Amino acid sequence: MNFKPLFVALICSAFLMPPIWGSVAITPNKKFLIKTVLLKGNIRLHKSNQLFSALHKQKKHLYDPKTIEATCKSLYRTGFFESVSYKINRTDKGITLIVTVIENPVIAKVTFKNCTIYSPQKLQETIQSRPTQLLNYKIIQSDISALKNLYKNNGFTQFTMETVDFSDETKYLQFQCIEGAIKERRTHGLSEKNKTLVEREFNRFDFSTFNLYEDHRLRATFISTDFFSTVSYPKLS
């Protein structure tokens, strides 16, 4: 399966965009009335979609290159498009503004790799990206934040998002997580007498993945036994 990393796109999309140009067949400094606005390209979004409203509003307005370029840049920054470009054609009846867009691919499936604490259904409910929707890098950024909040607000403070990949072949969007699995847990300062007690309390908690809240509850349990003069907070190494 050929996965394409999205992190570069996630970082760069806010700063870089395909060149937007105007093919002007008239004197640059002259202004003409825009009679028609045409949308072209692989448009899955309905042409009456609110995203295109600013373009449609250019109809019956005087042609202004700065306004058109700013409108096209705003359209691109919605995150739904791979590129947005425009050109104008002059006719005896006025200007025809032609805007060509290339939309991002449609997501076929959203998957989660190395995510075991929450069900795929719960994770899908947490994010906005959905199958049958257009891939959108801005929404993916929001999805990453939502997943981090889900884990960290519930004590899984070691959670990180390793990669987000999109396969051009299958159209699968994949979130790959690091949940903070615990390889080994150690205790220091125990006497032989107290080892049985500690092991018994350890068995009451799930320590397969680091959870700050669970560790603090375990510490409180040890303190409540009155067998220990001091119980430190957990440390990670």
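Heads up: the structure comes first, above all this text.
Values in this document were obtained by computation on a predicted structure and should not be read as measured data.

Enquirer: Explanation requested: helix α5 (residues 137-152) in the structure shown.
Expert: Residue pairs spaced three or four apart in an α-helix point in one direction, given the helix's 3.6 residues per turn. End to end, α5 covers 23 Å across 16 residues, agreeing with the expected 22 Å (1.5 Å per residue, within 8%). If you check which residues of α5 are buried, you get Y137, I139, I140, D143, I144, L147, L150 and Y151. Buried residues along α5 cover an arc of 145 degrees about the axis, so they all sit on one side. For α5, the side-chain oxygen to backbone nitrogen distance between the N-cap and K138 is 2.9 Å, and the N-cap itself is N136.

Enquirer: Got a minute to help me understand the pairing of strand β4 (residues 94-103) in this structure?
Expert: Each regular strand carries side chains that alternate between the two faces of the sheet. Within β4, eight of the ten residues are buried, which leaves the element mostly enclosed by the surrounding structure. Pairing geometry for strand β3 (residues 81-91) and β4, over ten bridges, is antiparallel. Considered in β4, the bridge of I88 is made with L97. The loop that links β3 with its antiparallel partner β4 comprises two residues.

Enquirer: Mind showing me how you'd approach the side chain of D165 here?
Expert: Residue position: D165 is located in strand β6 (residues 160-167). At 7.1 Å, K113 is the nearest oppositely charged side chain to D165, a buried residue that forms no salt bridge. Here the side chain of D165 touches T163 through a polar contact of 3.4 Å, side chain to side chain.

Enquirer: Explain the state of the cysteines here, please?
Expert: A covalent bond between the sulfur atoms of two cysteines is what we call a disulfide. As enumerated under the stated definition, the model contains one disulfide in all. Across the disulfide from C115 sits C177; the S-S distance is 2.4 Å. The sign of the S-S torsion, about 75 degrees, decides the handedness of the disulfide formed by C115 and C177: right-handed. Residue C115 is located in the loop between β5 (109-113) and α4 (120-126), and its partner C177 is located in strand β7 (residues 172-178); the two are separated by 62 residues in the primary sequence. Each member of the pair, C115 as well as C177, carries the same accessibility label: buried.

The rules we used
Residues numbered from 1 in each chain as written. Predicted model: local features only at pLDDT ≥ 70, side-chain atom pairs only at ≥ 80, totals over all residues. Heavy atoms only, no water. Helix = DSSP H or I, 4+ residues; strand = E, 2+ residues; numbered from the N terminus. Expected span 1.5 Å × (residues − 1). Buried < 20%, exposed > 50% of the residue type's maximum accessible area, 1.4 Å probe, protein only. Arc of directions from axis to C-beta. Polar contact = N/O pair within 3.5 Å; in protein donor to acceptor, adjacent residues only side chain to side chain. Pairing = 2+ DSSP bridges. Lys, Arg positive; Asp, Glu negative; His and termini not counted. Salt bridge = Lys/Arg side-chain N within 4 Å of Asp/Glu carboxyl O. Disulfide = S-S within 2.5 Å.

Limitation: the analysis is restricted to geometry and does not speak to function.
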